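# Working through the structure, step by step
Residue strings, one per chain:
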Amino acid sequence: MSKPKQNQPQAKNNKAKKDSQSPQATINQVNDQIVDQRLTPNPLSQFSLDKDALRLALVTAQYALRATRQQEPTAFNKPTGLLVLVNGMEQAGKGTAVKQLRQWVDPRLLKVEATIGYPPLAYQPIWQAHVQALPRHGDVMVYFGNWYADLLYNVMRITADQDQSEAVKSSSTNKAATLPVTDWQDYLQQQLRKLQIFEQDLAANQTKLLKCWFHVDIATLQARLKDEEADPQFLYQINWDDVDTVAKFNEVAAELLRQQEDWVIIDGSDKSEAATSFCHEVLQAMQVALVSSQILDRDKEKGSSIDEHSSIDKDLDDLGNKSLKVDSQLDDNQYNFAPVKIPKPLLDIDDPDMDKSDYKEQLAKKQANLAQLLRARRGRHVVFAFEGMDAAGKGGAIKRLVAPLDPREYQIYNIGAPMLYELQHPYLWRFWTRLPNEQTDRMSRVAIFDRTWYGRVLVERIEGFATDHEWQRAYEEINRFEAELVAAGTIVIKCWLAIDKKEQLKRFEDREDTPHKQFKLTDDDWRNRDKWSEYVQAAADMLARTDTEVAPWKIIATNDKRTARLEVLDYAIKQLKTHW
């Protein structure tokens with residue numbers, strides 16, 4: 001039986017009501033009614049907002065931030081997320097504060113993650129173990145512990161080793177036999193510098209940060225440890241009942257906070273007041289994140305240059321929230337970007353014709369040598385990065401590279417256009433999450449990328465998928481990323497494969513005529529030939545700006561596939577030997 005007609009208006013009303021509750025409808029209503037009161041950052045909000053007003057402002061900002069991800073057209077907005085790092089003394093009210101926040105916002109839209117401190121993993125940066133948990137743009141995430149828990153755990157372990165070493169020295173008659181111990185201050189300073197750079201790159205890529213440090217005095221800590229309330233799992237795996245340990249932790253914490261001035265320190269003596277203070281800080285952070293998104297929207301609509309974007313730092317400073325300051329650390333050369341002269345290897349392509357029998361003989365020897373070196377690398381991570389013109393032979397080179405290896409020893413990543421969920425994270429996120437990782441049970445610690453993070457300064461630059469500001473900034477972001485990998489012990493091997501335009505056409509036609517190769521050819525490949533000179537220039541600019549001492553490029557410019565494959569193997573062998 002069909003429904004009575006009188007029910008149809010009710011169904012329409014329900015649909016209208018559902019539409020009005022959508023995030024986009026919410027932000028539209030907010031813009032019309034209360035944007036000035038609740039979305040404009042106000043450092044004095046804690047003095048003017050009672051708890052009911054604070055709750056309304058929090059959920060309003062939360063939905064407004066989420067709506068940045070859903071505004072149209074997406075080409076003219078910068079979806080922005082907020083990552084709230086929660087650290088500090090145990091029993092200082094961290095859990096109470098986050099619980100209060102979750103009750104005052106829409107809990108479905110607030111992501112909460114927690115880790116406890118572990119030693120940094122071998123051959124990877126300290127932040128790498130945490131990138132999978134980063135929030136999408138438009139979301140708010142609270143992260144207990146995070147990379148600072150790992151850092152503090154390791155620093156506390158170093159201080160214990162130092163104390164033990166000093167004790168051994170004072171009691172040992174053979175002082176020459178004692179081993180040197182890393183100075184914890186030097187280690188802390190080094191790691192904080194790396195984390196500061198990582199966090200600045202997050203902020204520049206629309207993941208803003210709020211860093212909250214909860215603290216209480218030792219007497220309050222001891223009293224709460226002895227009360228009847230159940231204790232949470234501690235972040236740093238240290239003995240909080242030991243007064244000397246706590247004193248050392250406070251010494252380490254003071255040094256950390258001195259070197260990083262972007263922490264908000266929250267007094268946890270009164271947990272209720274600490275929770276309210278924390279919620280005010282999160283409100284401020286969401287509001288400033290919204291402002292940064294609007295500034296970027298405004299500038300992009302004006303067709304902004306990289307100089308116009310530099311005004312963001314000042315605008316956000318004027319809002320009084322230094323913890324969310326965007327510091328893109330742009331190189332002076334990027335403010336006046338000038339294309340480089342195209343190097344001869346990209347213009348003068350070698351065109352040999354290697355004998356097939358000679359090729360096979362050399363190939364077998366080089367493959368055996370490569371396999372031996374990879375298996376003797378003592379667990380170090382290896383990252384191969386292959387870039388080049390379409391049909392330049394990247395796939396064929398990779399096929400010969402892995403032929404002597406067990407398939408379980410490596411992972412191959414064929415990088416194409418990013419998926420929607422990847423676009424909702426920092427640009428490098430989809431590569432961070434594919435790096436060899438000591439946390440996984442996977443035995444492979446070799447990652448091979450067919451197309452890479454260099455897409456931002458190549459196809460995204462040429463096709464307009466990235467703004468001038470974004471792709472020009474990316475050179476230094478990529479250099480920092482690769483330097484971090486190498487500093488952690490990863491071996492990075494980069495190859496650019498070049499052919500000439502005539503050879504590319506020949507290979508395209510061959511793919512078109514060969515059934516099992518037709519899948520390799522797309523309409524975009526044909527279209528990109530019309531922009532050949534632009535891609536060559538982009539490649540020249542990339543090679544000039546990212547050929548670094550720690551991660552150099554190898555240009556393999558030849559129209560002969562066999563020669564190219566052997567040169568790839570030769571370079572891989574050379575680089576692996578260099579790192580032994």
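Below or above, wherever it landed, is the structure these notes cover. (Residues numbered from 1 in each chain as written. Predicted model: local features only at pLDDT ≥ 70, side-chain atom pairs only at ≥ 80, totals over all residues. Heavy atoms only, no water.)

## A short note on the overall build of the protein
This is how the line gets drawn: Under the DSSP-based scheme used, a helix requires at least four consecutive residues in state H or I and a strand at least two consecutive residues in state E, with every element numbered from the N terminus. When accessible area is computed with a 1.4 Å probe and restricted to protein chains, residues below 20% of their type maximum are described as buried, those above 50% as exposed, and intermediate ones as partly exposed. Two residues form a contact once any of their heavy atoms are found within 4.5 Å. The method behind every accessible area is Shrake-Rupley, applied with a 1.4 Å probe, and residues are considered shielded solely by the protein chains displayed.
Across its full length, the protein carries 25 helices and 10 strands. Buried residues in the protein amount to 51% of all 580 residues. Partitioning the contacts of the protein with sequence separation of at least 6, the portion at a separation of at least 24 is 81%. Of the accessible surface of the protein, which amounts to about 27900 Å², a share of 49% is contributed by carbon and sulfur atoms.

## Side note on empty space enclosed by the protein
Using the following cut-off: Definitions used throughout: a 1 Å grid over protein atoms alone; a cavity as a set of points that fits a 1.4 Å probe which cannot get out; a pocket as an open set with protein on both sides within 12 Å along at least five of seven lines; a lining residue as one with an atom within 4 Å of a point. Grid points are joined across faces, edges and corners, and a volume is the space filled by probe spheres set on the points. As a working rule, the residues Ala, Val, Leu, Ile, Met, Phe, Trp, Tyr, Cys and Pro are called nonpolar, Asp, Glu, Lys and Arg charged, and the rest polar, with Gly in that last group.
For the structure shown, the criterion picks out three cavities of 30 Å³ or more. Its boundaries defined by the atoms lining it, the largest cavity holds a volume of some 80 Å³. Lining the largest cavity are W127, K194, I197, F198, D201, L428, W432, E477, R480, F481 and E484. Elements represented by at least two residues in the lining of the largest cavity include exactly α8 (184-204) and α21 (468-487). A breakdown of the residues in the lining of the largest cavity according to their chemical character gives six nonpolar, no polar and five charged. The computed volume of the second largest cavity comes to approximately 50 Å³. In this structure, the second largest cavity is lined by L346, M389, W496, A498, I499, W532, V536 and A539.

## Quick notes on the pairing of strand β6 (residues 382-388)
We count it as follows: Strands were regarded as paired on the criterion that DSSP finds at least two bridges between them.
With respect to burial, β6 is a largely interior element, seven of its seven residues being buried. Alternating positions in β6 separate into two faces, V382, F384, F386 and G388 on one and V383, A385 and E387 on the other, with burial throughout. Examined bridge by bridge, β6 and strand β9 (residues 491-498) share seven bridges and lie parallel to one another. Considered in β9, the bridge of E387 is made with W496.

## Overview of helix α6 (residues 94-104)
For the record, the criterion: Note: the arc covers the axis-to-C-beta directions of the helix.
The set of residues buried in α6 consists of K94, A97, V98, Q100, L101 and W104. Along the axis of α6, the buried residues cluster in a sector spanning 155 degrees; they form a single face.

## Details of the sheet that holds strand β1 (residues 81-88)
Selection rule: Between N-to-C directions, angles span 0 to 180 degrees; the directions come from axes that are lines fitted to C-alpha atoms, helices contributing only their stretch in contact.
Pairing is parallel across the open sheet formed by five strands, whose spatial order is β2-β3-β1-β4-β5. Pairing within the sheet leaves two strands with one partner each, and these edge strands are β2 (110-114) and β5 (263-267). Sheet twist, expressed as the mean angle between neighbouring strand axes with direction ignored, is 20 degrees. Pairing analysis gives eight bridges linking β1 to strand β4 (residues 207-215), with the strands arranged parallel.

## What to know about the sheet that holds strand β8 (residues 446-450)
Spatial ordering of the open sheet is given by β7-β8-β6-β9-β10, a layout of five strands whose pairing is parallel. What marks the edges here is a single partner per strand, and that holds for β7 (411-414) and β10 (553-557). Sheet twist, expressed as the average angle between the axes of neighbouring strands with direction ignored, equals 20 degrees. Two elements, β9 and β10, share five bridges in a ladder whose sense is parallel. When the bridges of β10 are listed, K494 appears paired with W553. Strands in contact with helix α25 (residues 561-578) are β6, β9 and β10; relative to β9, the strand with the most contacts, it is inclined by about 160 degrees.

## Considering the packing of aromatic side chains
The description of two aromatic rings rests on the distance between their centres and on the angle between their planes. Defined as follows: Any Phe, Tyr or Trp ring, taking Trp's six-membered ring, that has another such ring centre within 6.5 Å forms a pair; planes under 30 degrees apart are called stacked, those over 60 apart edge-to-face, and the others tilted.
What the rule picks out here adds up to 25 aromatic pairs. Considering the side-chain rings of F214 and F278, the 5.7 Å spacing of their centres and the 50 degrees angle between planes classify their relative orientation as tilted. Placement of F214 in strand β4 and of F278 in helix α11 (residues 271-301) is noted, with a sequence separation of 64 residues between them. Between W453 and Y454 the ring centres are 6.4 Å apart and the planes differ by 40 degrees, which places this aromatic pair in the tilted class. In terms of burial, W453 and Y454 fall into one category: buried. Taken together, the aromatic side chains of Y413, Y427, F431, F449, W453, Y454, F481 and W553 make up a single cluster linked through ring pairs.

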